[in-house]
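The primary structure of each chain is shown beneath.
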Amino acid sequence: MLYMYLRREAEQPLRDILDSDKVGVILGARQVGKTTLVRHVLSGHPAVFLNFDVEVDKARFRAASALSPLDGLRALGSPSVLVIDEAQRLPEISRIIKGWHDARLPAKLLLLGSSSLDLLDQAAESRTGRNRKLVLPPLLFSETLGTQEWANAAAAPGHLSQHFAPQLRAFLMQRLSFGSYPDIVTSDNPTQLLRELSADYLWKDVLQAGLVKTPALIKRMLLLLAHQAGSEVSVNELATQLQIMRPTVERYLDLLEQTFVIFRLPSFSTNPRKEIAKSQKIFFWDTGIRNALLNSFSTEEFRPDIGALWENWVIAEVAKRNALLGSPGELFFWRSRAQSEVDLVVKEGSGLRAYEIKWSPRRVSGRAFRDAYGVEVEVIRPDNPFAMDVFKTSRS
């Protein structure tokens, strides 16, 4: 496999962080491309990279942190940018970086983490405004097209849909089945790589931190969630199926969210008497991981779970762009007590947009939501895989 750097929409937000006077915090799942992105943007800059998965690097930083901030920076080579990868592996990192930042060192500090544990969840740190955060998700569909010769980078989505429809459809099925981790997108053997990634690597931080007493439980829970992706998930039912207490299920779900494996979609409601108000759906940030857990890599359009898979993929695409933009929107699903449903509701400021996500061409009625909120329900189908770019569309 030849190395290929894929242009990321996160490049400009990262440059903005580097130009600011804040500590940069880049968060995202393992193997999502955080280090590659930073190395690309910092190309030509005198930067030092430390990886706290490597004990030698961790010891080197600890030794430097015992000195004054300026002497500590000198001990690390006086870089203009200090990049610390897998920063969550050192519990005291927030305290040390706070001191170094307050000392106004002549260096930019960047923390990269595959878990938000111990990095941003300290309320006192969050309030001070010392940090600028960038969440890096798996590749957007538009970014993965950079691997395809027929998808000219300058080509408009409408041009691709009109002139390269068969290629676009086949490539879409590849992304639905294998997901959008950079190494997966450029691999000749994505199935094997996904099996390795989904074995335990993605939740390595949870296991290393000792936060899960029985790792097999996490895998069993993930398998249940993979089967239920796109459906409403009951914590009580999960507790019963796994034979564990409800608080333990909640804690494991929180950990899987904090390590960017899953995300939750709450129900939208302004009228609890007529609408479901306290339910949630759970989706995977990457459908390839979901499929690896199920050992289901078919790229056939008639696979039995195509509807649920398409829904997870589209909602994940919307969630990824929302994360890259700094989460300007709130994402929900909607269901009335009369069982009318809308797959995705996007609340941005005071505005609402609503979407049904359907693989099949059959007609969709959004009358119930329109009557309740005066908003037409749009339909996202596979013949236009760019339609889920709801934030870009709303700003154009």
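Residues numbered from 1 in each chain as written. Predicted model: local features only at pLDDT ≥ 70, side-chain atom pairs only at ≥ 80, totals over all residues. Heavy atoms only, no water.

With respect to the environment of proline 91
Piece 1. Relative to the elements of secondary structure, proline 91 occurs in the loop between β3 (81-85) and α5 (93-102).
Piece 2. The spatial distance from the C-alpha of proline 91 to the C-alpha of valine 318 is 32 Å, given a sequence separation of 227 residues. (Helix = DSSP H or I, 4+ residues; strand = E, 2+ residues; numbered from the N terminus.)

Some words on helix α17 (residues 306-324)
In an α-helix there are 3.6 residues to a turn, and that puts residues three or four apart on one side.
Piece 1. Helix length check: α17 (19 residues) gives 27 Å between terminal C-alpha atoms against 27 Å at 1.5 Å per residue, within 8%.
Piece 2. α17 sits mainly inside the fold: 17 of its 19 residues count as buried.
Piece 3. One or two residues past the end of α17 sits glycine 326, with phi positive at roughly 90 degrees. (Expected span 1.5 Å × (residues − 1). Buried < 20%, exposed > 50% of the residue type's maximum accessible area, 1.4 Å probe, protein only.)

Section: the environment of valine 342
Piece 1. For valine 342, the location among the structural elements is in strand β9 (residues 341-348).
Piece 2. Valine 342 gets classed as buried once you look at its relative accessible area, which sits at 2%.
Piece 3. Separated by 10 residues in the primary sequence, valine 342 and phenylalanine 332 place their C-alpha atoms 9.1 Å from one another.
Piece 4. Beyond its immediate stretch of four places on either side in the chain, valine 342 contacts Phe333, Trp334, Ala354, Tyr355, Glu356, Phe369 and Val377. (Contact = heavy atoms within 4.5 Å.)

A few points about the sheet that holds strand β2 (residues 47-51)
Piece 1. Strand order in the open sheet formed by 5 strands is β2-β3-β4-β1-β5, and the pairing between neighbours is parallel. What marks the edges here is a single partner per strand, and that holds for β2 and β5 (131-135). Strand-to-strand twist in this sheet, taken as the mean axis angle between neighbours without regard to direction, amounts to 15 degrees.
Piece 2. Bridge analysis of β3 against strand β4 (residues 108-113) gives 4 bridges, and the strand direction is parallel. Within β4, the position partnered with isoleucine 84 by the bridge is leucine 111.
Piece 3. Contacts from helix α3 (residues 55-65) reach β2 and β3, with the element oriented near 115 degrees to β2. (Pairing = 2+ DSSP bridges. Axes fitted to C-alpha atoms, helices over the stretch in contact; angles between N-to-C directions.)

Quick notes on the packing of aromatic side chains
Piece 1. This model, assessed by the stated rule, comprises 16 aromatic pairs.
Piece 2. A centroid spacing of 5.4 Å and a plane angle of 80 degrees characterise the contact between phenylalanine 141 and tryptophan 313, whose relative ring orientation is edge-to-face. With phenylalanine 141 in helix α7 (residues 141-144) and tryptophan 313 in helix α17, this residue pair connects regions lying 172 residues apart in the sequence. Tryptophan 313 matches phenylalanine 141 in its accessibility class, with the two residues each being buried. (Phe/Tyr/Trp six-rings, centres within 6.5 Å; stacked < 30°, edge-to-face > 60°.)

Thoughts on the environment of threonine 186
Piece 1. Within the element layout of this structure, threonine 186 appears in the loop between α10 (182-185) and α11 (190-201).
Piece 2. Measuring from C-alpha to C-alpha, the distance between threonine 186 and leucine 6 comes to 9.5 Å, with 180 residues separating the pair along the chain.
Piece 3. Polar side-chain contacts of threonine 186 include one of 3.1 Å to the backbone oxygen of proline 182. (Polar contact = N/O pair within 3.5 Å; in protein donor to acceptor, adjacent residues only side chain to side chain.)

Focus: the nonpolar core
Piece 1. Ranked by internal contacts, the top residues of the largest apolar core, which has 116 residues, are Phe61, Leu110, Leu225 and Phe284.
Piece 2. When residues in this core are grouped by element, the largest group, 11 residues, is from α17.
Piece 3. Here leucine 225 is in contact with Val233, Leu238, Leu253, Leu256, Ile262, Ile282 and Phe284, once residues within four sequence places are set aside. (Core = buried A, V, L, I, M, F, W, Y, C linked by side-chain atoms within 4.5 Å.)

Considerations on the pattern of salt bridges
Oppositely charged side chains can pair when the atoms bearing their charge come close.
Piece 1. All told, the structure shown has 25 salt bridges when counted by the stated rule.
Piece 2. Between arginine 353 and glutamate 378 there is a salt bridge whose closest N-O contact spans 3.2 Å. With arginine 353 in strand β10 (residues 351-357) and glutamate 378 in strand β11 (residues 377-380), this residue pair connects regions lying 25 residues apart in the sequence.
Piece 3. Put simply, Arg246, Glu250, Asp254, Glu257 and Arg264 are held in one network by salt bridges that share partners. (Salt bridge = Lys/Arg side-chain N within 4 Å of Asp/Glu carboxyl O.)

Details of helix α16 (residues 287-294)
Piece 1. Of all 8 residues making up α16, 7 are buried, and the element is well covered by its neighbours.
Piece 2. Restricting attention to buried positions, one finds in α16 the residues Thr287, Gly288, Ile289, Arg290, Asn291, Ala292 and Leu293.
Piece 3. Backbone nitrogen of glycine 288 and a side-chain oxygen of the N-cap are separated by 3.0 Å at the start of α16; the cap is aspartate 286.
Piece 4. Immediately beyond the C-terminal end of α16, within one or two residues, lies asparagine 295, with a positive phi of roughly 55 degrees.

As for the pairing of β3
Piece 1. In terms of burial, β3 is a largely internal element, 5 of the 5 residues being buried.
Piece 2. By the alternation rule, side chains of β3 split into Val81, Val83 and Asp85 and Leu82 and Ile84, which are all buried.
Piece 3. Pairing of β2 with β3 involves 5 bridges; the strand directions are parallel. Paired with leucine 50 across the bridge in β3 is isoleucine 84.
Piece 4. In the classification by handedness, the crossover that spans β3, the intervening α5 and the parallel β4 is right-handed. (Right-handed = clockwise from strand over helix to strand, strands pointing away.)

Some details on the packing of helix α9 (residues 165-178) against α17
Piece 1. Where α9 contacts α17, the two axes come as close as 10 Å, and the packing angle between them is 90 degrees. Taken together, the axes of α9 and α17 lie roughly perpendicular to each other. Between α9 and α17, the residues in contact are Leu172, Met173, Arg175 and Leu176 and Ile306, Leu309, Trp310 and Trp313, respectively.
Piece 2. Broken down by class, the residue content of the contact of α9 with α17 amounts to 7 nonpolar, no polar and 1 charged. (Parallel < 35°, antiparallel > 145°, perpendicular 65-115°, else oblique. Nonpolar A, V, L, I, M, F, W, Y, C, P; charged D, E, K, R; others polar.)

Details of the sheet that holds β9
Piece 1. On the basis of which strands lie adjacent, the open sheet formed by 4 strands has the order β8-β9-β10-β11 and mixed pairing. Each edge of the open sheet is held by one strand with a lone partner, namely β8 (330-335) and β11. Taking each pair of neighbouring strands and ignoring which way they run, the sheet shows an average axis angle of 35 degrees.
Piece 2. Inspection of the sheet shows β9 paired to β10 by 5 bridges, in the antiparallel sense. Looking across to β10, one finds that leucine 344 is bridged to tyrosine 355.
Piece 3. Each of β8, β9, β10 and β11 touches α17; the most contacted strand, β10, lies at about 150 degrees to it.

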